Amino acid sequence: DQQVKQNSPSLSVQEGRISILNCDYTNSMFDYFLWYKKYPAEGPTFLISISSIKDKNEDGRFTVFLNKSAKHLSLHIVPSQPGDSAVYFCAASHNYGQNFVFGPGTRLSVLP
Amino acid sequence: DAGITQSPRHKVTETGTPVTLRCHQTENHRYMYWYRQDPGHGLRLIHYSYGVKDTDKGEVSDGYSVSRSKTEDFLLTLESATSSQTSVYFCAIAGGVSSGANVLTFGAGSRLTVL
């Protein structure tokens, strides 16, 4: 059973609009979350993190929101740019550990 | 770049042959990982290492073994490759020059095809 779920395999958004990528988890012990972006033929690259003591973290155009009671987090990209087109992975760990469980990914397409 | 090199980047092999993938880091990080990426599954942990000669199994370790005789090198071995092991394999370290200590930094990947 997947402990980290990304229920939308793909998402298309117009350039300049907001992209919202969602992630749900089942393990209530998870307390630290990461988002990664992956381009074809490259390794995943780290985007942004959030720990369970916060409900929001911002870095430029990227904001991650965490709703612990719902076991849900989301990544907002504003404004979306064509270069944001990639696969986005959500990952979670517990005890702020370094063993992460990844979701299946969401492919974002930003249309010019 | 975070100083992680994977080799080979591409390999085609036949069922039943042994295969070794190498991960080399220049960051002197303690934790190293091997993941595989498959459609619909995301990244799944195969094995990880928390120090020289210290390794442990991940979620999908069957059919794989690892070794870490030096801090900088983490080897993944498929003793007898099967078609189900066709995948893209990623090495990662915890940390990296451009990331925080509690972030995984990935290599560029090794694409393995087992015929």
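In this numbering scheme, every chain counts its residues from 1 along its sequence in written order. Key to labels: chains lettered from A, ligands numbered from 1, both in the order written. Per-residue local features of the predicted model are confined to residues with pLDDT of at least 70, and side-chain atom pairs are confined, for both listing and counting, to 80 or more; whole-chain, interface and lining totals are unaffected and use all residues. Note: side-chain values were computed over all heavy atoms of the structure, leaving out hydrogens and water.

Peer 1: Mind showing me how you'd approach the overall build of chain A here?
Peer 2: Across its full length, chain A holds zero helices and eleven strands. Taking 13 Å as the expected radius of gyration for a compact globule of 112 residues, we find that chain A reaches 13 Å, a close match to that expectation. Considering only C-alpha atoms, chain A reaches an extent of 40 × 25 × 20 Å along its principal axes. Here chain A holds 112 residues, and the buried ones make up 47% of them. Contacts: residue pairs with any heavy atoms within 4.5 Å of one another. A separation of at least 24 residues holds for 54% of the contacts in chain A among residues at least 6 apart in sequence. Charged residues are defined narrowly, with Lys and Arg counted positive, Asp and Glu counted negative, and His plus the chain ends left uncounted. The location of each charge is read from NZ of Lys, CZ of Arg, CG of Asp or CD of Glu. Across chain A, the 10 positively charged side chains and the 9 negatively charged ones have centroids separated by 2 Å. Here a strand is any run of E in DSSP of at least two residues, a helix any run of H or I of at least four, and the numbering for each starts at the N terminus. Restricting the calculation to C-alpha atoms gives the radius of gyration, and the globule rule supplies 2.2 Å times the number of residues raised to the power 0.38. A simple rule labels every residue: compare its accessible area, found with a 1.4 Å probe on the protein chains alone, to the largest value its type can have, and call it buried under 20%, exposed over 50%, or partly exposed in between.

Peer 1: Sorry if this is basic, but what is going on with the environment of K68(A) here?
Peer 2: Residue and element names in this part refer to chain A. Looking at the element boundaries, K68 is found in the loop between β7 (62-67) and β8 (72-77). Overall, K68 belongs to the partly exposed group, its relative accessible area being 43%. The spacing of K68 and V87 is 19 residues in sequence and 24 Å in space, taken between C-alpha atoms. Apart from residues no more than four positions distant in its own chain, K68 is found in contact with Y25, S52 and K54. A polar side-chain atom of K68 sits 2.8 Å from the main-chain carbonyl oxygen of S52. For the purposes of these results, a polar contact is taken to be a pair of N or O atoms within 3.5 Å, where, inside protein, one atom must be able to donate a hydrogen and its partner to accept one; residues adjacent in sequence count only when each atom of the pair is a side-chain atom.

Peer 1: Is there a simple way to explain the packing of aromatic side chains in this structure?
Peer 2: For any pair of aromatic rings, the description rests on two quantities: the centre-to-centre distance and the angle between the ring planes. Classification of ring pairs rests on two measures: the distance between centres of Phe, Tyr or Trp rings, Trp counted by its six-membered ring, which must be within 6.5 Å, and the angle between planes, read as stacked under 30 degrees, edge-to-face over 60 and tilted in between. Throughout the structure, instances matching the rule amount to 15 aromatic pairs over all chains. An angle of 80° between the planes, with centres 5.3 Å apart, marks the rings of F102(A) and Y35(B) as edge-to-face. Taken together, the positions of F102(A) in strand β10 (residues 101-102) and Y35(B) in strand β4 (residues 32-38) put the pair across two chains. By the burial criterion, F102(A) is buried, and Y35(B) matches it. With centroids separated by 6.2 Å and ring planes inclined at 45°, the aromatic side chains of Y48(B) and Y50(B) adopt a geometry described as tilted. A network of ring pairs unites the aromatic residues Y36(A), F46(A), F102(A), Y31(B), Y33(B), Y35(B), Y48(B), Y50(B), F90(B) and F106(B) as a single cluster.

Peer 1: How do you make sense of the pairing of strand β8 (residues 73-78) of chain B when you look at a structure like this?
Peer 2: When a strand is regular, its side chains alternate between the sheet's two faces. All names here are of chain B. Of all six residues that make up β8, five are buried, and the element is covered over most of its length. Pairing between strands is defined by DSSP: at least two bridges between them are needed. Bridge count for strand β3 (residues 19-25) against β8 is six bridges, and the pairing is antiparallel. By the bridge assignment, T20 is partnered in β8 with T77. Pairing of strand β7 (residues 65-70) with β8 involves four bridges; the strand directions are antiparallel. The partner of V66 across the bridge, within β8, is L76. Connecting β7 to the antiparallel partner β8 that follows it, the hairpin turn spans two residues.

Peer 1: How should the nonpolar core be read in this particular structure?
Peer 2: One recurring pattern in soluble globular proteins: nonpolar side chains tend to sit buried together. Residues grouped as a nonpolar core are buried Ala, Val, Leu, Ile, Met, Phe, Trp, Tyr and Cys residues, joined through side-chain atoms within 4.5 Å. Judged by nonpolar contacts, the single largest core of 23 residues is most densely connected at F33(A), W35(A), L73(A), L75(A) and Y88(A). Secondary-structure elements contributing two or more residues to this core are β3 (19-25), β4 (30-38), β5 (45-51), β7, β8, β9 (86-94) and β11 (106-111) of chain A. Among the elements that take part in this core, β9(A) stands out by supplying four residues, more than any other. When near neighbours in sequence (up to four residues on either side) are disregarded, F33(A) contacts Y25(A), I48(A), S49(A), I50(A), L66(A), L73(A), A91(A) and A92(A). With 20 residues, the next largest nonpolar core counts L34(A), F102(A), Y33(B) and Y35(B) among its residues.

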